[in-house]
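# Descriptive analysis of the structure
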Amino acid sequence: MNRRRVWETTRPYALILPAMIALFLFVVYPVFYLIKLSLYKYNLLNKDKSKFIGLDNYREIFTRDDFYHALANTAVYTVGVVLCTMLLSLGVAVWLRKRSRFNAILQAGLFTPHIISIVSIALVWMWLMEPGHGLLNYVLKAFGLPGSPWLQSSSTSMISVILVSVWHSIGYYALIMVAALQSIPPTIYEAAALDNASRFKVFWKITLPLISPQLFFILVIMTIGSFKVFDTVKIMTGGGPNGSTTTLVYYIYEFRTTSIGFASATGVVLMAIIAVLTFVYFKVLAQRIHYQ
Amino acid sequence: MASIELVDVSQSFDKNTIIPRLNLKIEDGKFTVLVGPSGCGKTTLLRMIAGLDRQTSGSVLIGGSDVSAIAPGQRGVAMVFQNYAIYPTMSVRENIEFGLKNNKVPKEERTRLVESISETVGLRPYLDRKPSTLSGGQRQRVALARAMVKKPSVFLMDEPLSNLDAKLRVQMRVELIELHKKLGSTFVYVTHDQVEAMSMADTIVLMNQGEIQQEASPAEIYREPDNLFAAQFIGVPPMNVGDMGQDGVRFGFRPEHGLLSTEPADAHFTAKGVISTREMLGSETIYQVRTRDHSFMIKCTEDLFSVDQDIYLSVDESKLFLFGADEKRIYRDDRRHNTYLHALRGRFQ
C-alpha cells in the first residue's frame, strides 16, 4: 500500500524525466556553460591556462566600436526583414486567401524556397547578383535602369542580403497567414457587408484583429530568427564588404578561435537582447492581440 | 417599412439549381416565415433578399424598387445569422455601433441609439464586455440589437433560434413576436422548425426543392393544406396518410381527428387495429395504431388505452382530406371528391 502511494506521487516525475534530462543536457547546461565561459579568458590549447577575469569580457564588448557596428547591422537587418516579410506575406496571403486550384499552385510555388537549402539559395542569388554578368543587372539594363553593385558595395550589400532572406521566407509566413484568414467564418464578412462597411474598414477592423494572434506569433518568431541570422551572411558576403553585413552572430563566429571567452560574452549579450525585445513585444502589443 | 417582391428569380451555384423559378410577394409589415426541410432553398432565398448571393436571373424588389444591383449594406435590410456572426474582437457596444459608424451617424446619436437599444434587449450591463464572455442567449441579443439599431425596413433572420436551448428558444420566440409588434417592420424569418413557423408567422411560405408549396396563414395551411407535402410537413405528429388503392389517390386526417373506442363506431372511415406504442405527453397522449393496411398516429386528450389493446378507429367525413396521384389536394368542390369519399367508406374495415 505504502509503496503504491510512493509510486503514485513519483510517477509524473518519472514520466517527464527523460525529457528533462535532454532539456538539461542540451539547453540548461550549455547556457550556464556559456555564461561561465564568458567570465574567462579561455585558452583553447591548454585549458588549465584559462584565467577567470570576471566581467572584463563584457566591459570590452561595450567599449568596442565593431560590436556596436554589428549590433546596428543586426538591427537594420531585423527591421528590414521583419517589416518587408510581414507586409509582403500579408499581401500575398490576402491575395491567395480564396480556395482555388490556381491559388493552391501559386501557394506551393511561393512555399518552395522554404524547402530549399539556404546555402543553395544564397549561391544562386550571388550568381544572379553578380554585377558584371548577373541576371539582375541584365534585366535592370534592359529596362534602361542603372545596374547595382549588389553584394560588392558596402552601401547595397545589406539590402541585398535582406532581399534574399525575405524572398526565402515569404511563402512560409504567407502560408500561416492564409490558414489564419481561411479560419475566419464567412458570415462575419457577410454581417460586415450588411453593416455597410468599406473594404478598408473590413480589413482594418475585422480581418487584422482576427488574425492578430498569428501575426504576433510571426512577429516574435521572425524577430528572434532575424537577430540570429548567420547562414546568408556567411555564404554571401562573409560579413563584408568592409564589415557592412557583419551581424551579431557572425561577429561571434569571427572570434570562435581567437577569443572564446569574448565570443561567449557576446553570445550572452545577444541572448539578453532577444529576451528583452520579446518581453517588450509582449508588454506593448499584448492588449492589441485578440485571442478567441 | 417596405414590401419585398421576388420576380421570376432563379438561383444556381455551378450546375446545381437551388431555385428553378420563383415568384413571391412579401407584404409590408408582416411577419413572414419561410419554412421547409433543409436544402429546400429557403436560406438561399433570404440571402438573395439580403444581397449576399446575387440571383442568377430575375429581380428582387424592396419597397417597389429593384435592388438587384445594390450592395447589401445599402438595401435597408438587417440580418440575424444562425451563428450570430458577431464580431468577436469588438465589445458589445462596438458590435452594435459598427453599422452606425459606417453609415456616418454622429457620435451623440450613436451613443443614444446604442444605449436605448441595449436597454430594450437587456444588454445594458454588458456593453463593454467581449462577446466571448456572453452566454448563447446574450449573444443572440447582441445580434438582434445590431440589426435593430440600424432601424431597417426589413428584418431578415436565418434560423436565429436554432442554437439556443429549448426553454430559451420558447422565450425568445415570444420576444420576437413582441418585437415585431413594436417595430412594425417587415420580418422575414427562415426556419426548418414548423412549430416556430406556426407560432410566429402572419404568413407561412412553405418551400420544398426550390418551389413554393403553399403560401398562407398558419391556420389556413394547417386546416386546408394545398398538397400532400404541406399536409405532412405542418403539424406534430404530421397528418396521417393512407393509400386508397385506387388511381393512386391518398386520404389523410389529422392525428387529433381520429377517435379511438373499444366498440365499433359509426363513422365515415373506420378501421380495426391494435395500439403499438403510447407516448404520454402530459396534456395529451399519442397512440400509434396499427391496422391491417396502415399505421396511424392518434392524438387523444385522455389517456384511456394501453399498448397491445385492440381498438376501433373512426374518422368523421368532414375531417378527411383527399390527395390525387399528383399529390395535389382534391377539394370538396372537385367532381372526383365524392366518388373517392364514397369509395373510402367501409373500405378498410
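Note that the structure is predicted; figures quoted are calculated from it, not measured.

### Details of the overall build of chain A
Across its full length, chain A carries 13 helices and two strands. In terms of overall dimensions, chain A is more spread out than a globule: its C-alpha atoms have a radius of gyration of 24 Å, far above the 19 Å expected for 292 residues. The buried share of chain A, taken over its 292 residues, is 40%. Long-range contacts, defined as pairs at least 24 residues apart, comprise 66% of the intrachain contacts of chain A with a sequence gap of at least 6. For chain A, the accessible area works out to roughly 17,200 Å², and carbon and sulfur atoms hold 69% of it. Separation of charge centres in chain A, based on 24 positive and 11 negative side chains, amounts to 9 Å.

### As for the overall build of chain B
In terms of regular secondary structure, chain B is built from nine helices and 19 strands. Once the C-alpha set of chain B is aligned to its principal axes, its extents read approximately 75 × 45 × 35 Å. Taking all 349 residues of chain B together, 52% fall into the buried category. Contacts spanning at least 24 positions in sequence make up 64% of the contacts within chain B whose residues lie at least 6 apart. Split by element, the accessible area of chain B, about 15,800 Å² in all, is 47% carbon and sulfur. Charge-centre separation for chain B: the mean point of 43 positive side chains lies 6 Å from the mean point of 45 negative side chains.

### Topic: the UniProt feature "domain: ABC transmembrane type-1" (unreviewed entry) in chain A
The UniProt entry lists residues 71–281 of chain A under the feature "domain: ABC transmembrane type-1" (unreviewed entry), expressed in the numbering used here. In this annotation, residues 71–281 of chain A is assigned 74% helix and 0% strand; the end-to-end C-alpha distance for the span is 19 Å.

### So, the sheet that holds strand E7 (residues 154–158) of chain B
Residues and elements named next belong to chain B. The six strands lie next to each other as E6-E7-E8-E3-E9-E10, forming an open sheet whose pairing is mixed. Here the strands that pair on one side only, and so sit at the sheet edges, are strand E6 (77–80) and strand E10 (211–216). Each adjacent strand pair in this sheet contributes to an overall mean axis angle of 20°, direction not counted. Here strand E3 (residues 31–35) runs beside strand E8 (residues 186–191); their pairing, made up of five bridges, is parallel. Directly across from Thr-32, in E8, lies its bridge partner Val-188. Helix H5 (residues 166–183) rests against E3, E7 and E8 of the sheet, and its axis sits at about 160° to E8.

### So, the sheet that holds strand E4 (residues 57–62) of chain B
Residue and element names in this part refer to chain B. If you walk across this open sheet you meet the four strands as E2-E1-E4-E5, and the pairing is antiparallel. Edge positions in the sheet fall to strand E2 (16–26) and strand E5 (65–66), since each has one partner strand and no second. Where strand E1 (residues 4–13) and E4 come together, five bridges link them in antiparallel fashion. For Ile-4, the partnering residue across the bridge sits in E4 and is Ile-62. Against the sheet, helix H1 (residues 42–50) engages E1, E2 and E4, with an angle of about 115° to E1.

### Points about the interface of chain B and chain A
Across the contact, 24 residues belong to chain B and 17 residues belong to chain A. Three residues stand out in chain B for area buried against chain A, namely B:Tyr87, B:Thr89 and B:Asn102, and they jointly supply 27% of the buried area on that side. For the pair chain B and chain A, the interface holds two salt bridges. A salt bridge links A:Glu190 to B:Arg47; the nearest nitrogen and oxygen atoms lie 2.6 Å apart. Our enumeration of links across chain B and chain A arrives at 12 residue pairs in polar contact (both at pLDDT 80 or more). Those elements that place two or more of their residues in the side of chain B that touches chain A are H1, E6 and helix H2 (92–102) of chain B. Looking at the side of chain B that touches chain A, the element that brings in the most residues is H2(B), giving four residues.

### Some details on the UniProt feature "transmembrane region" (unreviewed entry) in chain A
Residue and element names in this part refer to chain A. This chain's UniProt record puts "transmembrane region" (unreviewed entry) on residues 12–35, 75–96, 108–128, 158–181, 202–227 and 260–282. Its end C-alpha atoms 31 Å apart, residues 75–96 is made of 95% helix and 0% strand. A distance of 34 Å separates the end C-alpha atoms of residues 202–227, which is 96% helix and 0% strand.

### Topic: H5(B)
Residues and elements named next belong to chain B. Look at H5: 26 Å from first C-alpha to last across 18 residues, which is about the 26 Å you get at 1.5 Å a residue. Taken residue by residue, H5 has Met-172, Arg-173, Leu-176, Leu-179 and His-180 as its buried positions. All buried residues of H5 lie within an arc of 130° about the axis, which places them on one face of the element. Facing away from the buried surface of H5 by more than 90 degrees, the exposed residues are Lys-167, Lys-181 and Lys-182. Those residues of H5 hidden inside the fold are in contact with E3, helix H4 (136–148), E7, E8 and helix H6 (194–200). Looking one or two residues beyond H5, the residue adopting positive phi is Gly-184, at roughly 65°.

### Focus: the environment of B:Leu61
All names here are of chain B. Tracing the chain through its elements places Leu-61 in strand E4. C-alpha of Leu-61 to C-alpha of Val-33: the two residues are 28 residues apart in sequence and 18 Å apart in space. The residues contacting Leu-61, other than those within four sequence positions of it, are Ser-3, Ile-4, Glu-5, Val-7 and Asp-66.

### Thoughts on the pairing of E1(B)
Residues and elements named next belong to chain B. Bridge count for E1 against E2 is seven bridges, and the pairing is antiparallel. Bridging across to E2, Phe-13 finds its partner in Asn-16. The hairpin formed by E1 and E2 contains two residues between the paired strands, and Asp-14 there has a positive phi angle of roughly 50°.

### Here's the deal with the packing of aromatic side chains
Evaluation of the coordinates by the stated rule reveals 27 aromatic pairs over all chains. Consider the rings of A:Tyr251 and A:Phe255, whose centres lie 5.1 Å apart with planes at 75°: the pair is edge-to-face. By the burial criterion, A:Tyr251 is buried, and A:Phe255 matches it. Measuring from centroid to centroid gives 6.1 Å for B:Phe269 and B:Phe296, while their planes differ by 85°, and the two rings are edge-to-face. Pair noted here: B:Phe269 is in strand E14 (residues 269–280) and B:Phe296 is in strand E16 (residues 295–300), with a separation of 27 residues, a long-range link. With relative accessibility at 1%, the residue B:Phe269 sits in the buried group.

### Some thoughts on a nonpolar patch on the surface
Residues A:Tyr13, A:Leu15, A:Ile16, A:Leu17, A:Met20, A:Ile21, A:Leu23, A:Leu25, A:Phe26 and A:Val27 make up a contiguous nonpolar surface patch of about 1,100 Å² in total accessible area. Tracing the sequence through the fold places A:Tyr13 in helix H1 (residues 2–38).

### Concerning helix H4 (residues 101–115) of chain A
All names here are of chain A. In a regular helix each residue adds 1.5 Å, so 15 residues correspond to 21 Å; H4 covers 21 Å between its end C-alpha atoms and thus fits that length. Every buried residue of H4 is accounted for by Asn-103, Gln-107 and Pro-113. Next to the buried residues of H4 lie helix H3 (65–95), helix H5 (118–128) and helix H7 (157–182).

### Some details on the packing of H7(A) against helix H10 (residues 212–227) of chain A
All names here are of chain A. Contact geometry for H7 and H10: axes closest at 10 Å, N-to-C directions at 165°. Comparing the axis directions of H7 and H10 gives the class roughly antiparallel. You can see that H7 and H10 cross each other, and the crossing is right-handed. Counting all contacts with H7, which are made through Tyr-173, Ile-176, Met-177 and Ala-180, the residues of H10 involved are Gln-214, Leu-215, Ile-218, Ile-221 and Met-222. When its residues are assigned to classes, the contact of H7 with H10 shows eight nonpolar, one polar and no charged.

So, how was this worked out
Residues numbered from 1 in each chain as written. Chains lettered and ligands numbered in written order. Predicted model: local features only at pLDDT ≥ 70, side-chain atom pairs only at ≥ 80, totals over all residues. Heavy atoms only, no water. Helix = DSSP H or I, 4+ residues; strand = E, 2+ residues; numbered from the N terminus. Rg over C-alpha atoms; globule rule 2.2 N^0.38 Å. Buried < 20%, exposed > 50% of the residue type's maximum accessible area, 1.4 Å probe, protein only. Contact = heavy atoms within 4.5 Å. Areas by Shrake-Rupley, 256 points an atom, 1.4 Å probe, with all protein chains shown as cover. Lys, Arg positive; Asp, Glu negative; His and termini not counted. Charge placed at Lys NZ, Arg CZ, Asp CG, Glu CD. UniProt positions renumbered as here; feature names shortened; annotations may be inferred. Pairing = 2+ DSSP bridges. Axes fitted to C-alpha atoms, helices over the stretch in contact; angles between N-to-C directions. Buried area = accessible area lost by both parts, 1.4 Å probe. Salt bridge = Lys/Arg side-chain N within 4 Å of Asp/Glu carboxyl O. Polar contact = N/O pair within 3.5 Å; in protein donor to acceptor, adjacent residues only side chain to side chain. Expected span 1.5 Å × (residues − 1). Arc of directions from axis to C-beta. Phe/Tyr/Trp six-rings, centres within 6.5 Å; stacked < 30°, edge-to-face > 60°. Patch = residues over 30% accessible without salt bridge, like charges linked within 9 Å, V, L, I, M, F, W, Y side chains within 5 Å. Parallel < 35°, antiparallel > 145°, perpendicular 65-115°, else oblique. Left-handed = near helix turned anticlockwise from the far one by under 90°. Nonpolar A, V, L, I, M, F, W, Y, C, P; charged D, E, K, R; others polar.

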